[in-house]
Amino acid sequence: MAKLNLQALLLGLLATNASAALDGSRYLWYTAPATDWETGVLPIGNSRLGAAIFGGGNEVVTINEDTLWDGPLQNRIPPNGLAALPTVRQLFVANNLTSAGNLVMSQMMPAVGSERQFSYFGNLNLNFGHASGISNYTRSLDTRQGDCSVSYTFNGVTYTREYVASAPAGVIAARFTASKAGALSVSATFSRISNILSNIASTSGGVNALTLQGSSGQAAASNPILFTGKARFVASGATFSASGGTLAITGATTIDVFIDVETNYRYPTASALAAEVDKKLNAAVSQGFQSLHDAAIAGSSALLGRANINLGTSPNGIANLPTDQRVKSARSGFNDPQLIVLAWNYGRHLLVASSRNTSAAIDMPPNLQGVWNNATNAPWGGKFTININTEMNLWPAGQTNLIETQLPLFDLLRVAQPRGQEMAQKLYGCNGTVFHHNLDVWGDPAPTDNFPSSTMWPMGATWLVQHMLEQYRFNGDLNFLRNTAYPYLLDISKFLQCYTFTWQGNRVTGPSLSPENTYFVPSGSSVAGQQEPMDIAPEMDNQLMRDVMSGIIEAAAALGIASSDSNVRAAAAFLPQIRTPRIGSFGQILEWRSEYPETDPGHRHLSPLYGLHPSNQFSPLVNSTLSAAAKALLDHRVASGSGSTGWSRTWLMNQYARLFSGADVWKHLVAWFATYPTPNLWNTNGGSTFQIDGNFGFTSGVTEMLLQSHAGTVHLLPALPGSNIPTGNVRGLLARGGFQVDIDWQGGSFKTATVTSTRGGQLKLRVANGQSIKVNGAAYTGAISTSSGTKYSITV
Ligand SMILES: *[C@@H]1O[C@H](CO)[C@@H](O)[C@H](O)[C@H]1NC(C)=O
Ligand SMILES: *[C@@H]1O[C@H](CO)[C@@H](O)[C@H](O)[C@H]1NC(C)=O
Ligand SMILES: *[C@@H]1O[C@H](CO)[C@@H](O)[C@H](O)[C@H]1NC(C)=O
Ligand SMILES: *[C@@H]1O[C@H](CO)[C@@H](O)[C@H](O)[C@H]1NC(C)=O
Ligand SMILES: *[C@@H]1O[C@H](CO)[C@@H](O)[C@H](O)[C@H]1NC(C)=O
Ligand SMILES: *[C@@H]1O[C@H](CO)[C@@H](O)[C@H](O)[C@H]1NC(C)=O
């Protein structure tokens with residue numbers, strides 16, 4: 001035995017297992033239950049509800065609802081901030097940097113430092129009496145349709161469980177079966193760490209249910225978040241009994257479970273929210289599991305099925321191994337291209353499962369943990385951290401053909417806007433909208449955490465609004481552009497026109513910072529040698545303002561608004577007043593207004609490279625001088641140790657893709673697998689602590705190797721690591737302008753592509769490093785005027 005090849009042994013064992021054929025590009029699957037939440041559970045969701053499944057013989061399912069946070073809206077407007085602002089600016093302009101920063105910390109911070117934090121509903125615990133003695137075990141998550149299955153044998157009986165999150169029905173549903181009639185018994189409870197108001201099992205009126213009511217914990221007078229969650233159990237022929245919080249079912253063959261949780265965020269009174277739970281569950285019970293399951297799968301498959309990628313077959317049958325073994329083997333000597341495809345599919349699954357436009361008036365985008373958290377307070381508060389992380393969450397939306405997954409972000413922007421306007425008035429004396437570096441479920445835009453290197457950054461809205469422009473670029477929705485994106489851009493522009501001040505002939509920001517980095521105060525400034533985070537005119541802010549102003553001009557042109565319009569003229573007049581990027585001693589983009597000595601040259605944030613990715617300002621196709629300077633800074637960051645968190649590592653993938661360096665993308669992809677994913681493929685910060693952004697950054701980074709369209713050109717295979725993935729294809733990716741793209745490559749080189757125009761318009765093409773191509777058989781010489789619905793065949 002000891003001499004047997006482990007892999008051959010495993011494959012031999014699998015041959016006797018019903019699940020041996022699971023496609024390693026599509027399924028996460030395991031031969032044992034999860035033992036730890038963060039590293040093992042399988043996540044499903046319908047955006048509003050999330051469920052994380054352990055799959056044990058005795059089952060635990062952690063349940064989340066996206067508005068179940070840890071408290072009500074807070075007023076966190078810094079009372080003394082506006083009065084201090086002029087002095088703060090004078091100190092910065094006088095290069096009295098330490099005193100300026102100290103004054104910000106003492107005068108411009110809110111009295112309450114923290115925003116609200118994402119919480120959880122609780123666990124559904126299912127004791128089947130199968131604590132030990134199970135065999136023939138598999139559990140799996142299907143990343144192409146979003147459901148989860150568990151199967152095992154106990155005492156000669158095969159037990160199965162299916163879990164699905166239904167967007168149309170608004171519930172989580174499960175079916176448990178036994179292969180032998182009457183062999184299924186379970187005792188079910190809800191549990192939660194704290195703040196339970198009631199927890200009751202009931203069989204009255206033939207409605208067999210668990211109901212847990214809870215609160216975010218504040219006194220009733222302070223308007224806590226109240227929530228009700230219910231699980232309805234249906235099992236014909238079985239016996240039900242209820243005692244306290246435990247529902248017991250015996251003698252069942254099939255048990256169906258339907259779960260809903262609602263909060264007073266959407267249904268302000270306790271009775272309204274309880275009624276909504278019953279409405280959804282009654283409808284789900286009448287629909288029945290199979291029909292509900294099939295409709296849910298049809299919906300998510302339609303979204304997920306729009307695009308796929310194929311990067312070739314992994315060698316030595318490695319893709320046939322359970323996912324945890326592949327993640328382990330990918331820690332070194334990476335050689336599993338199908339695992340890249342699996343992680344790409346998983347990123348899209350997580351996006352669809354945490355960011356759907358549901359029937360609710362307000363949806364929430366994925367927070368730092370998507371919609372999956374198992375504690376009353378998530379790590380880092382599970383917030384919407386908008387100095388990179390929330391943006392990263394939405395990067396795969398357009399290019400992987402899931403553009404409507406951005407809609408929940410726009411709901412959050414709508415919630416936050418009036419609060420951002422109030423903040424702009426009271427902290428800066430300006431009209432328009434400002435957010436700092438986080439939002440919570442209430443859209444609280446105040447400076448957050450009272451932390452010197454992150455808090456005083458007034459550019460959150462400036463970045464988020466770019467996603468509205470992207471929505472239009474991908475889907476061409478002029479109504480959205482006219483009614484939602486354009487007014488929002490103008491509101492932010494209004495803030496910037498008032499908020500910025502003139503310094504050395506430019507309109508600059510400040511007090512601000514370069515998220516979350518610091519510098520050493522240079523000699524000649526005060527206090528020289530001190531480590532400081534804050535300044536005026538950090539380079540990223542300039543890039544963000546440039547994208548707002550040029551976005552207004554782009555949107556106005558698309559909407560037929562004349563360039564003489566006062567808003568358009570104001571944007572056009574502002575643009576040349578924005579400070580242009582400065583280039584430093586080794587040819588790099590400067591992060592600060594002058595070349596301050598660095599405290600952390602390998603910093604994880606790539607803020608001054610926003611212009612390279614996600615923006616296009618530093619694209620080699622736009623400005624080769626700036627792209628060379630961006631590369632100098634990027635290479636320096638990497639050589640000094642950047643990529644030190646999972647999300648940072650995946651941002652590096654995206655950045656190098658924008659420099660057309662497939663070899664570097666591959667290097668950081670391999671480095672991501674070496675440290676960051678858990679056995680259930682969740683991204684972590686440093687090998688532990690789940691943070692979902694890196695999953696989305698990974699999916700985006702892989703896509704950016706294969707297709708880019710941010711610089712006015714549909715660029716096929718811009719950064720293909722041809723020696724690592726010599727043969728492959730993509731189907732159904734989406735380029736800006738509404739072009740759907742299929743590409744095939746072979747031997748590391750482009751072979752053919754089909755570009756489908758979905759709404760007409762100019763198609764400018766580029767393949768790899770600009771090689772000669774033919775379109776419909778004729779040499780390509782420049783942009784083509786396309787007609788909607790027409791396919792264009794590209795060959796070499
Ligand atoms: C939540 O998950 C973490 C990480 O897996 C684990 O350490 C913790 O015990 C879990 N908390 C609960 C309440 O299950
Ligand atoms: C910096 O500002 C502080 C506070 O106003 C002041 O006491 C100090 O003298 C200034 N330092 C310099 C070098 O101007
Ligand atoms: C293993 O489980 C499968 C279902 O997944 C079942 O069909 C098969 O009979 C089981 N095998 C054994 C040996 O129990
Ligand atoms: C989003 O969902 C709402 C409610 O179901 C619906 O009215 C709206 O049309 C949807 N928006 C889009 C862009 O699909
Ligand atoms: C803000 O808007 C109000 C109402 O439109 C206007 O009266 C006021 O002058 C504006 N304030 C600034 C500082 O622009
Ligand atoms: C590139 O950017 C630099 C710095 O902003 C600018 O001076 C130069 O004109 C730009 N070049 C092109 C070709 O736009």
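Residues numbered from 1 in each chain as written. Chains lettered and ligands numbered in written order. Predicted model: local features only at pLDDT ≥ 70, side-chain atom pairs only at ≥ 80, totals over all residues. Heavy atoms only, no water.

Digging into the overall build of the protein chain
(1) Moving on: Check the secondary structure of the protein chain and you find 20 helices and 36 strands.
(2) Moving on: The C-alpha radius of gyration computed for the protein chain amounts to 27 Å, which stays within 12% of the reference 28 Å derived for 796 residues, consistent with globular compactness.
(3) Moving on: Within the protein chain, buried positions represent 61% of all 796 residues.
(4) Moving on: Within the protein chain, counting contacts between residues at least 6 apart in sequence, those at least 24 apart form 69% of the total.
(5) Moving on: Carbon and sulfur atoms provide 51% of the accessible area of the protein chain, an area that totals close to 26,000 Å². (Helix = DSSP H or I, 4+ residues; strand = E, 2+ residues; numbered from the N terminus. Rg over C-alpha atoms; globule rule 2.2 N^0.38 Å. Buried < 20%, exposed > 50% of the residue type's maximum accessible area, 1.4 Å probe, protein only. Contact = heavy atoms within 4.5 Å. Areas by Shrake-Rupley, 256 points an atom, 1.4 Å probe, with all protein chains shown as cover.)

Describing the pattern of salt bridges
(1) Moving on: Inspection of every chain in the model, using the stated rule, returns 28 salt bridges.
(2) Moving on: Of the charged contacts in the structure, one is a salt bridge between Asp260 and Arg48, with a shortest N-O distance of 2.7 Å. Taken together, the positions of Asp260 in strand β16 (residues 254-263) and Arg48 in the loop between β2 (42-45) and β3 (49-53) put the pair 212 residues apart, joining distant regions of the chain. Like Asp260, the residue Arg48 is buried in the burial classification.
(3) Moving on: Notably, a salt bridge pairs Arg306 with Glu404, separated by 2.7 Å at the nearest N-O pair. With Arg306 in the loop between α6 (289-304) and β17 (308-310) and Glu404 in the loop between α10 (396-399) and α11 (407-428), this residue pair connects regions lying 98 residues apart in the sequence.
(4) Moving on: Residue class for Glu404 comes out partly exposed when judged on its relative accessible area of 26%.
(5) Moving on: Residues participating in the shared-partner salt-bridge network are Arg48, Glu65, Asp66, Asp260, Glu262, Arg266, Glu276, Lys279 and Lys280. (Salt bridge = Lys/Arg side-chain N within 4 Å of Asp/Glu carboxyl O.)

Focus on the pairing of strand β30 (residues 749-757)
(1) Moving on: Sheet topology note: the strand β29 (residues 739-746)/β30 ladder contains 8 bridges and is antiparallel. Bridging across to β30, Phe739 finds its partner in Ser757.
(2) Moving on: Counting the residues between successive antiparallel strands, the hairpin from β29 to β30 contains 2 residues, one of them, Gly747, with a positive phi of roughly 55°.
(3) Moving on: Here β30 runs beside strand β36 (residues 791-795); their pairing, made up of 5 bridges, is antiparallel. Residue pairing across strands places Thr752 opposite Thr795, the latter belonging to β36. (Pairing = 2+ DSSP bridges.)

Thoughts on the confidence of the model for the protein chain
Any region with low pLDDT has predicted coordinates that should not be read closely.
(1) Moving on: Summary statistics for the protein chain give a mean pLDDT of 96 and a share of 97% for residues scoring 70 or more.
(2) Moving on: In this model residues 1-19 is a low-confidence stretch, pLDDT under 50, and it forms 16 contacts with partners more than four residues away in sequence or in other chains. (pLDDT = per-residue confidence, 0-100.)

Comments concerning the side chain of Asn654
(1) Moving on: Take Asn654: it is sitting in helix α18 (residues 646-658).
(2) Moving on: Here Asn654 falls in the buried class, since its relative accessible area comes to 0%.
(3) Moving on: Other than its neighbours up to four places away in sequence, Asn654 contacts Trp395, His613, Gly697, Ser700, Gly701 and Glu704.

Remarks on the site of ligand 1
(1) Moving on: As a matter of local geometry, ligand 1 sits amid Asp36, Trp37, Glu38, Ile193 and Asn374.
(2) Moving on: At 2.7 Å from an oxygen atom of ligand 1 is found a side-chain nitrogen or oxygen belonging to Asp36.
(3) Moving on: At a separation of 2.4 Å, an oxygen atom of ligand 1 approaches a polar side-chain atom of Asn374.
(4) Moving on: Taken by itself ligand 1 offers 360 Å² of open surface, and the protein chains cover 51% of this.
(5) Moving on: Of the residues that constitute the shell around ligand 1, the class distribution is 2 nonpolar, 1 polar and 2 charged. (Near = heavy atom within 4 Å. Polar contact = N/O pair within 3.5 Å; in protein donor to acceptor, adjacent residues only side chain to side chain. Nonpolar A, V, L, I, M, F, W, Y, C, P; charged D, E, K, R; others polar.)

Describing the packing of aromatic side chains
(1) Moving on: Scanning the entire structure with this criterion turns up 27 aromatic pairs.
(2) Moving on: One aromatic cluster is present, built from ring pairs that chain together Phe334, Trp666, Trp672, Phe673 and Phe698.
(3) Moving on: Between Arg89 and the ring centre of Tyr499, over which it is positioned, the NZ or CZ distance is 4.9 Å.
(4) Moving on: Taking the ring centre of Trp503 as reference, the NZ or CZ of Arg593 above it sits at 5.1 Å. (Phe/Tyr/Trp six-rings, centres within 6.5 Å; stacked < 30°, edge-to-face > 60°. Lys NZ or Arg CZ within 6 Å of the ring centre and 35° of its normal.)

Looking at the nonpolar core
(1) Moving on: Membership of the largest hydrophobic core comes to 222 residues, with the highest contact counts inside it found for Phe233 and Phe673.
(2) Moving on: For Phe673, the residues in contact, after removing those within four places along its chain, are Ala330, Arg331, Phe334, Leu339, Ile340, Ala343, Leu681 and Phe698.
(3) Moving on: Core analysis: the next-biggest nonpolar cluster, separate from the first, contains 12 residues, Val171, Ala173, Val277 and Leu292 among them. (Core = buried A, V, L, I, M, F, W, Y, C linked by side-chain atoms within 4.5 Å.)

A short note on the sheet that holds strand β34 (residues 778-779)
(1) Moving on: Taken in spatial order, the 7 strands of this open sheet run β17-β28-β29-β30-β36-β33-β34, and their pairing is antiparallel. Edge positions in the sheet fall to β17 and β34, since each has one partner strand and no second.

Section: the state of the cysteines
(1) Moving on: The full count for this structure, using the stated rule, is 1 disulfide.
(2) Moving on: At a sulfur-sulfur separation of 2.0 Å, the disulfide partner of Cys430 is Cys498. Linking Cys430 and Cys498, the disulfide has an S-S dihedral of approximately -75° and is accordingly described as left-handed. Within this pair, whereas Cys430 is found in the loop between α11 and β19 (438-439), its partner Cys498 is found in helix α14 (residues 478-499), the two being separated by 68 residues in sequence. (Disulfide = S-S within 2.5 Å.)

Concerning the side chain of Arg266
(1) Moving on: Relative to the helices and strands, Arg266 resides in the loop between β16 and α5 (270-287).
(2) Moving on: In terms of polar contacts, Arg266 uses its side chain to reach the backbone carbonyl oxygen of Ile362, at 2.9 Å.
(3) Moving on: Setting aside residues no more than four positions away along its own chain, Arg266 makes contact with Arg48, Glu65, Asp66, Thr67, Ala360, Ile362, Asp363 and Met364.

What about the pairing of β36?
(1) Moving on: Only one face of β36 is buried: it carries Tyr792 and Ile794, and the other face, with Lys791, Ser793 and Thr795, is open.
(2) Moving on: Relative to β36, strand β33 (residues 774-775) runs antiparallel, the two being bridged by 2 bridges. Across the sheet, Val775 pairs through a bridge with Ile794, a residue of β36.

Section: helix α4 (residues 97-107)
What sets the pattern is the α-helix's 3.6 residues per turn: residues three or four places apart point alike.
(1) Moving on: Along α4, the residues classified as buried are Leu97, Thr98, Ala100, Gly101 and Val104. Buried residues of α4, viewed axially, fall in a sector of 165°; they line one side.
(2) Moving on: On its buried face, α4 is in contact with α3 (81-93), β23 (519-520), β24 (531-532) and β25 (534-535). (Arc of directions from axis to C-beta.)

Regarding the environment of Ser607
(1) Moving on: Assignment of secondary structure puts Ser607 in the loop between α16 (566-574) and α17 (624-639).
(2) Moving on: Separated by 64 residues in the primary sequence, Ser607 and Gln543 have C-alpha atoms spaced 9.8 Å apart.
(3) Moving on: Ser607 has contacts with Ser514, Pro515, Met540, Gln543, Arg637 and Trp651, leaving out every residue within four places of it along the chain.
(4) Moving on: Of the polar contacts made by the side chain of Ser607, one reaches the backbone oxygen of Pro515; its length is 3.1 Å.

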